[in-house]
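# Inside the fold
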Amino acid sequence: MPIKVQSHLPAIKILEGENIFIMPEERAMTQDIRPLKIIILNLMPTKIETETQLMRLLGNSPLQVDIELLQMATHKSKNTSRRHLTTFYKTFDEIKEQRFDGMIITGAPVELMDFEEVDYWEELCEIIDWSKKNVYSTFHICWGAQAGLYHRYGVRKFEFEEKLSGVFEHKILNPLHPLLRGFDDTFKIPHSRFTGVEEDDILKKDKLEILAKGDEAGVAIVCNKNGREFYILGHAEYDRDTLAREYFRDINRGLDASIPSNYFPDDDPSQIPPMSWRSYASLLFSNWLNYYVYQQTPYDLEDLKKMYE
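What comes next concerns the included structure. From a predicted model like this one, the values you see are computed outputs, not experimental measurements.

Attention now goes to the packing of aromatic side chains. Evaluation of the coordinates by the stated rule reveals 19 aromatic pairs. Ring centres of F115 and W143 lie 5.9 Å apart, and the angle between their planes is 40°; on these two criteria the pair is classed as tilted. Of this pair, F115 sits in the loop between β6 (100–105) and α6 (121–134) while W143 sits in helix α7 (residues 143–153), and the two are 28 residues apart along the sequence. The burial state of F115 is the same as that of W143; both residues are buried. Aromatic ring contacts, followed pair by pair, group F115, Y120, W121, W143 and Y150 into a single cluster. Positioned over the ring face of F115 is K157, at 4.4 Å from the centre of the ring. Between the NZ or CZ atom of R181 and the centre of the ring of Y291, over which it lies, the distance is 4.5 Å.

Written as structure tokens, this is what we have:
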């Protein structure tokens, strides 16, 4: 089934070229079906790239998904044109009276700052609080996961001695959990971050469960046991060349960047990296959409409010 997006969004041509089923909003209006309403809070500086990555995965399911894009009103993007943002993105004030089946909160390149130092931190906290009553299930990614764990549960991040960058293997701790249905005992996804969370800090929280971790990457997937919150510390959505572009960007800036681990063949940056995580990324997103959004959300989203009255 398709994902529904605004007409003329730049990601459309890329995804159609990959045979991803995209439905312009004009055509979707003629269908008598309630699509899943998903809002993406895109905190990444490369917004068009991140939109494309996430829509690629959200479109690879049998469910029709109606996507809204959200930006922070308290932050001025330096890497995305104002025209793109005003055309395709909304602010919190424009959507806060609406309700959604699911929400994705992306990562952001602000890991080395204290959470409270981030210029849009107060607005982000307001959105996370709002999501408790207005979104059925929220999917946090990388820094967005760390921010959610900190704001909701007081779980602090810690800084690595060097950046964790590469494609890492993870072990599943709960093979019967629906989010990981269809996964092998071990799976790979990329990571690109300077900070992480301590396993012991998660285990102290009765509402949280660690679903997967890695020997090198540490805690990788955490959930609230009620299925309403998921925290993915890595970047399953990354393209084949995303880590490569980050690496070459840092090299060109004169930084002492390490070659991403388990990524380039023979650690040779001139080689094309193998795509070893695409199937797991697809399963991760489709399982979330099916088992924790489609199967659980009330048909009438207004009933979300009644659940908390």
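Let us now look at the environment of P273. In this fold, P273 is placed in the loop between α9 (242–252) and α10 (278–294). With relative accessibility at 7%, the residue P273 sits in the buried group. C-alpha separation for the pair P273 and L243, spaced 30 residues apart in sequence, amounts to 9.3 Å. When sequence neighbours within four positions are dropped, the list of residues in contact with P273 reads R240, Y263, F264 and P265.

Right, let's get into unusual backbone geometry. A positive phi angle, close to 50°, is found at C142, a residue other than glycine. Counting through the fold element by element, C142 comes out in the loop between β7 (135–141) and α7. With a phi angle near 55°, D266 is a residue other than glycine that sits in the positive phi range. Relative to the elements of secondary structure, D266 occurs in the loop between α9 and α10.

Moving on to α7. Of all eleven residues in α7, ten are buried; the element is thus mostly enclosed. By the burial criterion, the buried members of α7 are W143, G144, A145, Q146, A147, G148, L149, Y150, R152 and Y153.

Here we take up the nonpolar core. Nonpolar side chains in soluble globular proteins tend to end up buried together. Counting residues in hydrophobic clusters, the biggest one holds 41 residues, and the most contacted among them are I104, F139, I221, L284, F285 and W288. Considering each element in turn, this core owes the most residues, eight residues, to α10. If we skip the residues at most four places from it in the chain, I221 touches L179, L180, F187, E209, I210, L211, A212, Y231, I232 and L284. Counting 25 residues, the second-largest nonpolar core is a separate cluster that includes V110, F115, W130 and W143.

A few words now on the pattern of salt bridges. Applying the stated rule across the entire model yields ten salt bridges. Note that K171 is salt-bridged to D215, the shortest N-O span being 3.5 Å. Of this pair, K171 sits in strand β8 (residues 157–172) while D215 sits in the loop between β10 (208–214) and β11 (218–224); the two residues are 44 residues apart in sequence, bridging distant segments of the chain. Here D241 makes a salt bridge to R245, at a shortest N to O gap of 3.3 Å. Sharing partners across several salt bridges, the network here consists of E49, D241 and R245.

The rules behind each value
Residues numbered from 1 in each chain as written. Predicted model: local features only at pLDDT ≥ 70, side-chain atom pairs only at ≥ 80, totals over all residues. Heavy atoms only, no water. Phe/Tyr/Trp six-rings, centres within 6.5 Å; stacked < 30°, edge-to-face > 60°. Helix = DSSP H or I, 4+ residues; strand = E, 2+ residues; numbered from the N terminus. Buried < 20%, exposed > 50% of the residue type's maximum accessible area, 1.4 Å probe, protein only. Lys NZ or Arg CZ within 6 Å of the ring centre and 35° of its normal. Contact = heavy atoms within 4.5 Å. Core = buried A, V, L, I, M, F, W, Y, C linked by side-chain atoms within 4.5 Å. Salt bridge = Lys/Arg side-chain N within 4 Å of Asp/Glu carboxyl O.

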